[in-house]
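Spelled out, the chains give:
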Amino acid sequence: MALQCGIVGLPNVGKSTLFNCLSNAKAQAANFAFCTIEPNIGVITVPDERINKLSEIAKPQRVQPTTVEIVDIAGLVKGASKGEGLGNKFLANIRETDAVLHVLRCFDDENVTHVDGSINPVRDKEIIDIELQLKDLETIESRIDRVEKIARTAKDKDAQREFEIYSKLRNALLEGKSARSVVFDNKDDLKISNELYLLTSKPVMYVCNVDEESAVSGNKYVELVKEAVKNENAQVIVVAAKIESEIAEFETFEEREEFLAEVGLKESGVNRLIKSAYRLLNLKTYFTVGPLEVRAWTFEDGWKAPQCAGVIHTDFEKGFIRAEVIKYEDFISYGSENACKEAGKMSVEGKEYVVQDGDIMHFRFNV
């Protein structure tokens, strides 16, 4: 599954610095607006200690963790929805992503300029929200008139349904709300809404970029952000991009762990962010384990065995017969697939089995 999270925010809030820490790709980070022209894309590994433990047992020839793509999109400004700055191009880049990581500047530093002259992360958030909402409103307005005419003149039920859904979304946007705030009664309505690819329908995580002193407990700016988004059902994470850039320079795991202990962090902000982004997209992981490869596979929470088999190859889903399943804890406890079989810890599941996070799967299929 090619999954993408787009990093957005005003210029000079730390997006490219954070991106560099995430991907180790060296995006240009400079103290002026529109430093990023083309979107930088980095493929990052989702931290998961389970794959390391499975590999220690299986000793495979190769190990393949699961990944998420991070897209660093240039800073938006007021008027981006109308093409200000390089707005239209950047908004198109956001549209292609699955989720949004909204970076907010939550630190004081007179040496780093702010496009609006002062530090106010709530104001900054609202600027981006408004630009995205205006662009979404433009998308809906371009469709709703045509659908309304068909619904009224042809008495087309599908068009009538689309018109109702579009109207709900338009009303929310006109009230200054994001499309994700609209709740639909059923999956079909949600599918119609998703086909619009609205920018504000995407799940969002607010990344508060703080100074080194605030890396552990946050600061007054972070508290303001939490208060502002408390009704959005959104995640808020605190990251000190400057610290993360220092962590990225260490070559060994031991050096990174020692540094984290010195600054009072149990885990790097980058790891927490990646894990949170994975959860934000409602994703889980199952594993395949063998002498050639131990691999993590991404699936959506609630998927059944045939759908998960299709992640490996479409033929696996088409010709699905059954799945042999071992729970992660049992594999670690008994130490091998054969030991799990002998202990009765391998189950045989059919098409209705809902795959669980951490399941070790072996699919039987015939095409």
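To keep things clear, this report deals only with the structure shown in the data block.

Thresholds, definitions, all that
Residues numbered from 1 in each chain as written. Predicted model: local features only at pLDDT ≥ 70, side-chain atom pairs only at ≥ 80, totals over all residues. Heavy atoms only, no water. Helix = DSSP H or I, 4+ residues; strand = E, 2+ residues; numbered from the N terminus. 1 Å grid on protein atoms, 1.4 Å probe; cavity = no way out; pocket = protein on both sides within 12 Å on 5 of 7 lines; lining within 4 Å. Points joined across faces, edges and corners; volume = space filled by probe spheres on them. Nonpolar A, V, L, I, M, F, W, Y, C, P; charged D, E, K, R; others polar. Buried < 20%, exposed > 50% of the residue type's maximum accessible area, 1.4 Å probe, protein only. Lys, Arg positive; Asp, Glu negative; His and termini not counted. Salt bridge = Lys/Arg side-chain N within 4 Å of Asp/Glu carboxyl O. Contact = heavy atoms within 4.5 Å. Pairing = 2+ DSSP bridges. Right-handed = clockwise from strand over helix to strand, strands pointing away.

Moving on, we come to unusual backbone geometry. The phi dihedral of asparagine 12 falls on the positive side, at around 65 degrees, and the residue is not glycine. Positionally, asparagine 12 belongs in the loop between strand 1 (4-8) and helix 1 (15-23). With phi around 55 degrees, tyrosine 197 is a residue other than glycine that occupies positive phi space. Take tyrosine 197: it is sitting in the loop between helix 6 (187-194) and strand 6 (204-209).

Considered as a void within the structure, the largest pocket measures approximately 1100 Å³ in volume. As for the largest pocket, its lining consists of 30 residues, of which Asp98, Asn194, Ser201, Lys202 and Pro203 are closest to the centre. Sort the elements by how many residues they give to the lining of the largest pocket and helix 6 lands first, with 5 residues. Tallied by class, residues from the lining of the largest pocket come to 16 nonpolar, 6 polar and 8 charged.

Moving on, we come to the side chain of glutamate 244. Tracing the chain through its elements places glutamate 244 in helix 8 (residues 241-249). Although glutamate 244 lies buried, it forms no salt bridge, and the closest oppositely charged side chain, arginine 272, sits 5.3 Å away as judged by the N-O distance. Excluding anything up to four places from it in sequence, glutamate 244 contacts Cys21, Val239, Ser268, Gly269 and Val270.

This paragraph deals with the pairing of strand 7 (residues 235-239). Two elements, strand 6 and strand 7, share 5 bridges in a ladder whose sense is parallel. Paired with asparagine 209 across the strands is valine 239, a residue of strand 7. With helix 7 (residues 220-228) bridging strand 6 and the parallel strand 7, this β-α-β connection has right-handed handedness.

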